[in-house]
Structures are given as C-alpha cells and as structure tokens.
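# Report on the structure
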Amino acid sequence: MKAAVANTFDSILKIEDIAKPKIEPHQILVKIHACGVCHTDLHACHGDWPVKPTLPLIPGHEGVGEVVEVGSAVTHIKNGDRVGIPWLYSACGHCEYCLSGRESLCLSQENAGYSVNGGYAEYCAAHADYVVKVPEGLNYVDAAPLFCAGVTTYKALKVSEAKPGDWVAIFGIGGLGHLAVQYAIAMGLRVVAVDTGNAKRELAMSLGAEYYLDFKTDDIVADIISKTSGVHASVCTAVSKVGFRQSYDVVRRGGKCVLVGLPPEDMPLPIFNTVLNGVSVVGSIVGTRKDLEECLEFVARGKVKAIIEEKKLEDINEIFADMEKGEITGRIVVSI
Ligand code: NAD
Ligand code: ZN
Ligand code: ZN
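These notes cover the structure that comes with them. The structure displayed is predicted, hence computed values, not measured ones. (Residues numbered from 1 in each chain as written. Chains lettered and ligands numbered in written order. Predicted model: local features only at pLDDT ≥ 70, side-chain atom pairs only at ≥ 80, totals over all residues. Heavy atoms only, no water.)

Next up on the list: the coordination of the zinc ion (ligand 2). For the zinc ion (ligand 2), the full set of protein donor atoms is Cys92 (SG), Cys95 (SG), Cys98 (SG) and Cys106 (SG), at a range of 2.3 to 2.4 Å. Read N to C, the donor residues that coordinate the zinc ion (ligand 2) are spaced as C-x2-C-x2-C-x7-C. Overall, Cys106 belongs to the buried group, its relative accessible area being 3%. (Donors = N, O, S within 2.8 Å, 3.2 Å for Na, K, Ca; no water. Buried < 20%, exposed > 50% of the residue type's maximum accessible area, 1.4 Å probe, protein only.)

Next up, the structure:
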C-alpha cells in the first residue's frame, strides 16, 4: 500500500510502498479515503516534544474511511461502516481516568500517527472500540478535520465553562482555531479572534467573530481588554509562546485560560495576578469518543463546517512547509 513515512526528525516524509497492516482480533482494517493534516503531525515529524514517536512512522490522526476487514472478536462494527481514527487510538478501559469519563488522560493510551501508525496511508488498522462512526450524509473529506481539530476545540470550549453571551478569545485561526470560532458561535458565545493577515481576518469574521486582531500589528492585550473588559475565557491554539502569555493576560477575573496549542516551550505564569484575579489555567487534550460524537452532530446538523482545501498525499511536504509558515487558511485534507 501507499503511505507517507517519516524516517527521520526533519519533517520530510517519503511516499513509500509498504505492506498492508495485519489486524488483531479486536481490530478493524480501514481503507482510508481522506486524512486531515494537523500541526501535531508536523511536531511529530520534527521530534518537537519530550516524548518522541518511534521511527519509521506513518503520521495522521484525522483518517477516515471504510471498514474493509473486521477482527474475529469485533461484534459492533461491520465491513462497509464509515469510521474515523482519532488521536486517541486506544485506551486501557479500566484505569481511574477511563472509568471516570476522562479516557484522553489514560496513561496506557496509544495515539494514532504518533505511538502507532496513522492515517497517511491507503489502509490503517484501528482498535474497533475507539473508532467513531462518520454520521450519514457527511462525506469523508468534510468529516476528517472533526476527528482532531473539531473534537479538540469543541472540548476546549466545554472545559472553558463559558456560558451563552460570554466573551471568548480564540488565539490562532488555523485548522483548530477556525473550528473553535464556529463551535463558540454555535454555543452562543461572543468571539474575539487573534491571528495574522487578511485571509485569517476574512475567515474569522465570516464565521461570526465580532473582532479580529492581528498579532503582528495590534496591541493584543490592551485591545481585547478595551473591547470586552477582559474575556470570560480564552482558548489558545497558537503555536507561539507569546500567544499563550497574551491568552492569559486577556482573561478577566474568575475566568479561564484554556491551553490547547503545543509549542515546545514553557509558559511563565505570574503567581500574584493568578491568585488575586482567581484565574484558572487549564490544559485540554483532544476529547473522548463521546465528545467526538457530539462534535460530529453539530456538523451533521449544519451548525459547523470545516473550511477545507483538498490536496494529495504526495503534496505532504509542501503542506508541512506552508503550515510551518502559518500560510494555511482552514484545514488541508489529503485524499488517499
Ligand atoms: P495551524 O498551523 O493550522 O494553526 C496555528 C495558527 O496559529 C496559525 O494560523 C498561525 O498563524 C497562528 N499563530 C501563530 N502565532 C500566533 C500568535 N502569536 N497569536 C495568534 N495566532 C498565532 O495548527 P493547528 O493544526 O490548528 O494546531 C495548533 C496547535 O494545537 C499545534 O501546536 C498542535 O500540535 C496543537 N494541538 C493540540 C491538541 C490538543 O488536544 N491539545 C489537538 C490538536 C492540535
Ligand atoms: Zn485507562
Ligand atoms: Zn491533531
């Protein structure tokens, strides 16, 4: 089968012809039709994080397609089902996190396109219990970005505890951020968006943001505070240390700063302001299978729609280069 493979940590993938994966009794084999390209894939292929993936690796955790083979122990999925394989490739199912509806914190989890091979390939093996079905009427290309960018931002907004009418600042209007704006609007929140350039301005405003600020030219913190008196919550998807600090500084007293982006840097926090202002700073990692089903429902009901440019798997190195420069508007989905 055809696959894009990382053999070194230089962000260059090679299109290779490799053996189709064999499945275990609890697994299914998915013929991948489309896979979104997440910035996490770029971090993976660059070896950015403290825990590095084992090479060679097939990245991709927004792979969707059709089930073509079912393991002997699988009873609830059949050939022909349309499913997606998210970042949470599997979890143990019996630890305190799995049992308390927080499976994305499971210490024994596997991650698609990171600790196991993912969706940048014609076929991908998956754990039958951890795939999520693509709702009827939603095509593979439109569904793919929901399996990471969608569920992650939907969950981050839930974690923010912002309520209808509250202000939320979304930092980074990329693959994740442009969906965050839409989920926020669908939840009745008021949105300030932060990124750079006119393409992202037009995108954010067309999706319902009330203000857009450019981190290269505007005084982000002062402007957001003057427009909103400080936001009730911020969700930072920016791959930038400066963006993280600003996303903290714009939160009003008692508000929440939700960290989502994963630049390989630290974020210094002022103790005095955090204590006196009663601000919460919280990390949010993807979402559970239930969160994923819920976030797909918004899309199936026409409330949210990923803005997509479709490309080929062979274009992956060019896509990574554009992503590195922040030049992608919306999400790139590779068709396979
Ligand atoms: P992306 O490249 O599509 O978007 C990132 C955006 O941030 C770009 O539009 C860029 O212009 C913008 N940006 C850069 N500096 C900024 C700043 N100072 N202020 C505001 N915006 C700024 O990336 P993506 O696929 O949306 O992923 C974003 C980050 O989220 C990555 O680090 C990725 O690894 C991480 N991620 C986290 C989770 C999670 O579960 N927490 C899930 C998926 C991705
Ligand atoms: Zn577990
Ligand atoms: Zn992702």
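Here we have six strands laid out as an open sheet, ordered β12-β11-β10-β13-β14-β15, and parallel in their pairing. Each edge of the open sheet carries a strand with a single partner, namely β12 (211-214) and β15 (280-283). Neighbour-to-neighbour, the strand axes of this sheet turn through a mean angle of 20°, independent of strand direction. In this structure, strand β14 (residues 251-259) lies alongside β15, joined through four bridges in parallel fashion. Paired with Lys256 across the strands is Ser280, a residue of β15. Sheet strands in contact with helix α5 (residues 175-186) are β10 (167-171) and β11 (190-195), and its direction is about 170° off that of β10. Lying on the sheet, helix α7 (residues 220-228) is in contact with β10, β11, β12, β13 (231-236) and β14; it crosses β12 at an angle near 165°. (Pairing = 2+ DSSP bridges. Helix = DSSP H or I, 4+ residues; strand = E, 2+ residues; numbered from the N terminus. Axes fitted to C-alpha atoms, helices over the stretch in contact; angles between N-to-C directions. Contact = heavy atoms within 4.5 Å.)

Now for the packing of aromatic side chains. Here the distance between the centres and the angle between the planes together describe a pair of aromatic rings. Under the definition given, this model contains six aromatic pairs. Here Tyr154 and Phe298 contribute two aromatic rings whose centre-to-centre distance is 5.4 Å and whose plane-to-plane angle is 55°, an arrangement assigned as tilted. With Tyr154 in helix α4 (residues 149-160) and Phe298 in helix α10 (residues 289-300), this pair connects stretches of sequence that are 144 residues apart. The same class applies to Tyr154 as to Phe298, namely buried. Following the ring pairs from residue to residue traces out a cluster consisting of Trp49, Trp87 and Tyr114. The lysine or arginine in question, Lys20, covers the ring of Tyr123, its NZ or CZ lying 4.5 Å from the ring centre. Positioned above the aromatic ring of Tyr123 is the side chain of Lys31, whose terminal nitrogen or guanidinium carbon lies 5.5 Å from the ring centre. (Phe/Tyr/Trp six-rings, centres within 6.5 Å; stacked < 30°, edge-to-face > 60°. Lys NZ or Arg CZ within 6 Å of the ring centre and 35° of its normal.)

A word on the environment of Ala238. Among the secondary structure elements, Ala238 is positioned in the loop between β13 and α8 (241-249). The spacing of Ala238 and Gly255 is 17 residues in sequence and 19 Å in space, taken between C-alpha atoms.

Turning our eyes to something else, we now look at the site of ligand 1. In the region of ligand 1, 29 residues are neighbours, and His39, Thr40, Asp195, Val286 and Arg331 sit closest. Between Asp195 and ligand 1, the recorded distance is 2.7 Å, taken from a side-chain N or O atom to an oxygen atom. A distance of 2.9 Å separates a nitrogen atom of ligand 1 from a polar atom in the backbone of Val260. Relative to its unbound accessible surface of 870 Å², ligand 1 loses 94% to contact with the protein. Elements with a contribution of two residues or more to the shell around ligand 1: α1 (39-46), α5 and β11. (Near = heavy atom within 4 Å. Polar contact = N/O pair within 3.5 Å; in protein donor to acceptor, adjacent residues only side chain to side chain. Areas by Shrake-Rupley, 256 points an atom, 1.4 Å probe, with all protein chains shown as cover.)

Trans is the prevailing form of peptide bonds, just as negative phi is the prevailing case for residues other than glycine. Cis geometry is adopted by the peptide bond preceding Pro56, which originates at Leu55 and carries an omega value of -5°. Tracing the chain through its elements places Pro56 in the loop between α1 and β4 (63-70). At Ser11, a position not held by glycine, the phi torsion is positive, near 65°. By the secondary structure assignment, Ser11 is in the loop between β1 (2-6) and β2 (13-17). Overall, the relative accessible area of 9% leaves Ser11 in the buried class. The backbone phi angle of Ser229 is positive, close to 60°, even though this residue is not glycine. For Ser229, the location among the structural elements is in the loop between α7 and β13. By relative accessible area, Ser229 is classed as exposed at 58%.

Nothing here speaks to function; it is all geometry.
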